[in-house]
Protein chains: 2
Amino acid sequence: MDAPLQYAKDHADRFVEELKAWLRIPSISTDPTYATQTRSAAEWLADNLRDAGMGDVEVMETDGHPVVYAEHHVSDDAPTVLVYGHYDVQPPDPLELWDNDPFEPVEKDGDLVARGSADDKGQAFMHVKAAESWLATDQPPVNLKFVIEGEEENGSVHLPGFLEEHKDKLAADVCLVSDTALFAPGVPSIAYGLRGLAYVEVTLTGPKKDLHSGVYGGGVENPINALAAMIAALHDDDHRVTVEGFYDDVVALSDDEREAYRDLPFDEAAWKDEAGVSETKTEAGYSVLEGTTGRPTLDCNGIWGGYTGEGAKTVLPSKASAKISCRLVPNQTPGDITEKLRTHFEAHVPDTMSLTFRDLHGGHGVLVDREAPAMQAASEALEAVFGQTPYFTREGGSIPVVADFKRILGLDTVLMGFGLDSDSIHSPNERFGLDRFHQGIEASVRFMDAYARQKEAA
Amino acid sequence: MDAPLQYAKDHADRFVEELKAWLRIPSISTDPTYATQTRSAAEWLADNLRDAGMGDVEVMETDGHPVVYAEHHVSDDAPTVLVYGHYDVQPPDPLELWDNDPFEPVEKDGDLVARGSADDKGQAFMHVKAAESWLATDQPPVNLKFVIEGEEENGSVHLPGFLEEHKDKLAADVCLVSDTALFAPGVPSIAYGLRGLAYVEVTLTGPKKDLHSGVYGGGVENPINALAAMIAALHDDDHRVTVEGFYDDVVALSDDEREAYRDLPFDEAAWKDEAGVSETKTEAGYSVLEGTTGRPTLDCNGIWGGYTGEGAKTVLPSKASAKISCRLVPNQTPGDITEKLRTHFEAHVPDTMSLTFRDLHGGHGVLVDREAPAMQAASEALEAVFGQTPYFTREGGSIPVVADFKRILGLDTVLMGFGLDSDSIHSPNERFGLDRFHQGIEASVRFMDAYARQKEAA
């Protein structure tokens, strides 16, 4: 394993320059005006995988953005690792809050600042470069498959169908994903839990058209006021969600999990500072870490209605809308929670109004067995890189496809992430530490070796 | 009086063409990008007043958009009528709901469809053409002054200062304004009451930046959810405003006013149809007419925060904002109500958030003595035009300057409006009936005559 590790060191600068080139392509999957650039980002990656020495590389079509697939077969006896990642990125707005062009990467204080640097181009690319490091120096100890999709930020809408269609081609022993975070700077961790997501949009319509608030005010119900009341009623005084049956299927945190939460070196002051809040707010009875990773939530992600420009327009608006999403935990399902939200909203529409309810997307939460060979291999790899045993943690974010890999391909997933909460993913000035980029390449090289040994021993 | 009335008939078509030319100038006073066009609309009007035979016409500067002033002096013995109106218009958005370009007037079903057609260019122009009809045929029976401002839709911010500064020049006996509505099509009315306005903007800031809802959701309070709760709490179950002291200074509707309300030929089904609502909603104990004209209100005029584009962005936003305005009745004052709103919001900001509160503008409500000579003259003029005695009514909208004319110049105002609730002022497809435009010119010609006689008799 020395040769590939040395190769990665020798080519570290070139790897960074290649990543920058990829980050310059604005692959915003949710915005149709960026369709061409999104495809370009896929083509760019395919070329890079070919250059890395992966034998079989394809840009495979879906009904949405394509999947980049690559394969290198070593031996029928070797275990197969399927690396999953995504080449699409979040929209960069609000643009005015960026210090640089989000698609012109800048190195700053050891970080690479660009949209997608941490989520997920930078992290996916670590495995591409780990594969290159093996292929350029030695036969890898595992068979390798890459599935890098272009719709993760849009709910991975076509990936489940893709996995179904190519089930045989994608057969593997384990899935490896880097799209999560280290517990803290320099503190390695492996995520064994992820939250799911149910994301909806509601629109209340009152008057058929915008009205003059002088002429009609006092005689008709205002959809903004009415929507505000509906949103306010979604939480009780304990900050619990009031939607009927919301907590029915929640797997409660076990006593030993809650104990492990308490043992984590969590710095609440630093967390508040990073979040930019003076006070935290959690469901009654739960700590911040529990609330953000082990408990379900409901948040408004956007709201709009009426006049929002400069000055004072005395309009009594026709409509008001909100985007609302719930983070879910096992065994809540997005389909069930979405239906419960629908039932709740439909039951609470004022007499004077009509409701439009849209299911935007959803994903399942995940819990992985911490004792599996791949989890132990990841632990071994991270310990070698960081010089300390990694923590097993739960993450608050969602990677819905992890549940799909289990359901469709029967694969457990190792979540070996190198992000940090301070990476500002989904926010202005997203960044990824270059030290972590190189640590990630090393960990990936080491994981392939450790996993082959752990599997052989098992 | 036959000659000016005949003149108005003979030149009716030209009058309409002139109005169309004026409507083509997008004088949107609240939007700084339309500053040039707003001034052009003032210059256009000044030229038209000169052509109408008004002797002394000036475009007078303020610290904002200019005031168009015109004067014709008949005799020191004749009473002086000061006509007030405004040449600025509301923003036209949402543009996609217009059937035609809002600044390219179209005649449709007898209406002129364009932004400003009813509010207020079309109505102000009736008096310009009435003056022309007198001046072209006979000496008017009253001295005439015109004050047509360009900031009514922006709270007439510079008009009070203008009135103070030119107090002597603007000396008159009564103020005449057409910026209100007929009670119903063909049913004349004179407004003796107007509501005031207090318009504010609030912004709640929670996290210092937008956050990822997966990473932080469940640990921090969401400003959209928090703002929604604050807005929801602004009304109680009786749809009364909960702001402390809000009703303290309200002059209650008198028994004979409530009886007059009941006598009005009000068609609630038609009103609901026009408003585009299936049900009305009023403060408990009040009718729709009372609620919309004689009682104070609180409405959200706009709300925004977080991600409002296409698709699903899982952001936990930093800020949420709302525009909120109250319609006031005598003797509530905008300054006092704004302070009560400020106190209320400041008292209810969650611990985790900070508040920004902006006073956008305000205006006083008005009640005028129904027995004054000018009110009787208006009644006489309208009866001649419509063949029936007009109703005295209260209007729900605000013309804050009416209170300023009283306070600064000591003038009562006659509100002789020709709008209709169906004119969609402040909404897409604003319109003004050409029949009402011509009736308004006739009424204005007749008012000048009747007022001179009523004053002489008094």
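Only a predicted model underlies this, so the values are computations on that prediction, with no experimental measurement involved.

### Quick notes on the UniProt feature "domain: Peptidase M20 dimerisation" (unreviewed entry) in chain A
Line of reasoning, step 1. UniProt records the feature "domain: Peptidase M20 dimerisation" (unreviewed entry) for residues 192–351 of chain A in the present numbering.
Line of reasoning, step 2. Across residues 192–351 of chain A one finds 32% helix and 22% strand; the C-alpha atoms that close the span lie 46 Å apart.

### Re the interface of chain B and chain A
Line of reasoning, step 1. Each partner contributes to the interface: chain B provides 81 residues, whereas chain A provides 81 residues.
Line of reasoning, step 2. Counting the surface lost from both chain B and chain A, the interface buries some 6900 Å², and carbon and sulfur atoms represent 52% of this.
Line of reasoning, step 3. Connecting chain B to chain A are 2 salt bridges.
Line of reasoning, step 4. Among the salt bridges present, the one from Lys209 of chain B reaches Glu274 of chain A, with a minimum N-O distance of 3.0 Å.
Line of reasoning, step 5. Taken together, the links from chain B to chain A amount to 42 residue pairs in polar contact (both at pLDDT 80 or more).
Line of reasoning, step 6. By residue number, the principal contributor to the side of chain B that touches chain A is strand S11 (residues 299–306) of chain B, which donates 8 residues.
Line of reasoning, step 7. Of the residues belonging to the side of chain B that touches chain A, the class tally is 28 nonpolar, 34 polar and 19 charged.
Line of reasoning, step 8. The pairing of strand S11 (residues 299–306) of chain A with S11 of chain B spans 5 bridges and is antiparallel. Counted as the bridge partner of Gly302 of chain A is Gly306 of chain B from S11 of chain B.

### Let's talk about unusual backbone geometry
Line of reasoning, step 1. The omega angle of the peptide bond from Asp119 of chain B to Asp120 of chain B is 5°, so this bond is cis rather than trans.
Line of reasoning, step 2. Checked against the element boundaries, Asp120 of chain B lands in the loop between strand S5 (111–113) and helix H4 (121–135).
Line of reasoning, step 3. Following Pro330 of chain B, the chain continues into Asn331 of chain B via a peptide bond in cis, with omega recorded as 0°.
Line of reasoning, step 4. In this fold, Asn331 of chain B is placed in the loop between strand S13 (319–328) and helix H11 (334–348).
Line of reasoning, step 5. The residue Asn429 of chain A is not glycine, and still its phi comes out positive at about 60°.

### Points about the pattern of salt bridges
Line of reasoning, step 1. Following the criterion strictly, the structure yields 58 salt bridges over all chains and no others.
Line of reasoning, step 2. The partner of Glu339 of chain A in a salt bridge is Arg342 of chain A, and the shortest N-O contact between them spans 3.1 Å. Placement of both Glu339 of chain A and Arg342 of chain A in helix H11 (residues 334–348) is noted, with a separation of 3 residues, approximately one turn of the helix.
Line of reasoning, step 3. For Glu339 of chain A, a relative accessible area of 38% puts it in the partly exposed group.
Line of reasoning, step 4. Between Lys129 of chain B and Glu18 of chain B there is a salt bridge whose closest N-O contact spans 2.6 Å. With Lys129 of chain B in helix H4 and Glu18 of chain B in helix H2 (residues 12–23), the pair connects residues that are 111 residues apart, well separated along the chain.
Line of reasoning, step 5. With a relative accessible area of 1%, Lys129 of chain B lands in the buried category.

### Structural notes on H2 of chain B
Residue and element names in this part refer to chain B.
Line of reasoning, step 1. In this model H2 runs 17 Å from its N-terminal to its C-terminal C-alpha over 12 residues, within 8% of the 16 Å that 1.5 Å per residue would give.
Line of reasoning, step 2. Among the residues of H2, those classed as buried are Ala12, Phe15, Val16, Glu18, Leu19, Lys20, Trp22 and Leu23.
Line of reasoning, step 3. Those residues of H2 that are buried lie in contact with helix H1 (2–10), helix H3 (35–51), strand S4 (106–108), S5, H4 and helix H14 (434–457).

### Some remarks on the relation of the copies chain B and chain A
Note on the chain copies: they are related by a rotation about an axis and a translation along it.
Line of reasoning, step 1. Each copy superposes on the other: chain B lies on chain A with an RMSD of 0.0 Å after a rotation of 180° and an axial shift of 0.0 Å. In short, the pair behaves as if placed about a two-fold rotation axis.
Line of reasoning, step 2. Both copies share a contact surface, since 100% of the interface residues of chain B are interface residues in chain A too.

### Overview of the domain arrangement of chain A
All names here are of chain A.
Line of reasoning, step 1. Taken domain by domain, chain A consists of domain 1 (2–194 + 365–457) and domain 2 (196–250 + 296–362).
Line of reasoning, step 2. Taken residue by residue, the interface counts 11 residues in domain 1 and 7 residues in domain 2.
Line of reasoning, step 3. Summing both sides of the interface, domain 1 and domain 2 together bury roughly 640 Å²; the carbon and sulfur share of this comes to 55%.
Line of reasoning, step 4. A per-residue breakdown of the area domain 1 buries against domain 2 is headed by Gly155, Gly365 and Ser398, which together make up 51% of the total.
Line of reasoning, step 5. Our enumeration of links across domain 1 and domain 2 arrives at 0 salt bridges.
Line of reasoning, step 6. Counting the contacts that link domain 1 with domain 2 gives 2 residue pairs in polar contact (both at pLDDT 80 or more).

### Looking at the sheet that holds S11 of chain B
Line of reasoning, step 1. Spatial strand order, S14(A)-S9(A)-S13(A)-S11(A)-S11(B)-S13(B)-S9(B)-S14(B): 8 strands in an open sheet with antiparallel pairing. Looking at which strands have only one partner, the edges of the open sheet turn out to be strand S14 (354–363) of chain A together with strand S14 (354–363) of chain B. Mean inter-strand twist for the sheet, computed between neighbouring axes without regard to direction, equals 15°.
Line of reasoning, step 2. Bridge count between strand S9 (residues 196–205) of chain B and S14 of chain B: 9 bridges; the pairing is antiparallel.

### Thoughts on the side chain of Glu153 of chain A
Line of reasoning, step 1. For Glu153 of chain A, the location among the structural elements is in the loop between strand S6 (143–149) and helix H5 (159–165).
Line of reasoning, step 2. Only 3.0 Å separates the side chain of Glu153 of chain A from the side chain of Gln90 of chain A, close enough to count as a polar contact.
Line of reasoning, step 3. In contact with Glu153 of chain A, other than residues within four places in its own chain, are Ser29, Thr30, His86, Asp88, Val89, Gln90, Asp119 and His426 of chain A together with Ala312 of chain B.

Basis of the calculations
Residue indices begin from 1 for each chain and proceed along its sequence in written order. All chains are assigned letters beginning at A, and all ligands numbers beginning at 1, according to the order in which they are written. Reporting of local features is limited, given that this is a predicted model, to residues whose pLDDT is at least 70; pairs of side-chain atoms are given and counted only at 80 or more, and all residues count toward the totals for whole chains, interfaces and linings. Side-chain calculation: all heavy atoms of the structure are included, whereas hydrogens and water are not. UniProt positions are given in the numbering used here, feature names are shortened, and annotations may be inferred rather than shown by experiment. The helix and strand labels rest on DSSP assignments: H or I over at least four residues marks a helix, E over at least two residues marks a strand, and numbering proceeds from the N terminus. Any two residues whose heavy atoms approach within 4.5 Å are treated as being in contact. Buried area: the sum, over both parts, of the accessible surface (1.4 Å probe) that disappears when the two are put together. Basic side-chain nitrogens of Lys or Arg form a salt bridge, by our definition, when they fall within 4 Å of a carboxyl oxygen of Asp or Glu. Polar contacts here mean pairs of N or O atoms no more than 3.5 Å apart (in protein, one a potential hydrogen donor and the other a potential acceptor; neighbouring residues in sequence count only if both atoms are side-chain atoms). Throughout, the ten residues Ala, Val, Leu, Ile, Met, Phe, Trp, Tyr, Cys and Pro are labelled nonpolar, Asp, Glu, Lys and Arg are labelled charged, and all others, Gly among them, are labelled polar. A pair of strands is considered paired only if DSSP assigns at least 2 bridges between the two. Residue burial is assigned from relative accessible area. The probe radius is 1.4 Å, only protein chains are included, and a residue is buried under 20% of its type maximum, exposed over 50%, and partly exposed in between. For a helix, the expected span equals 1.5 Å multiplied by the number of residues minus one. A least-squares fit on C-alpha atoms brings the copies together, and the residues used are those whose pLDDT is at least 70 in both copies. All the domain ranges listed were derived from an automatic or database domain assignment. To define axes, lines are fitted to C-alpha atoms, for helices over the stretch in contact only, and angles between the resulting N-to-C directions are given on a 0 to 180 degree scale.

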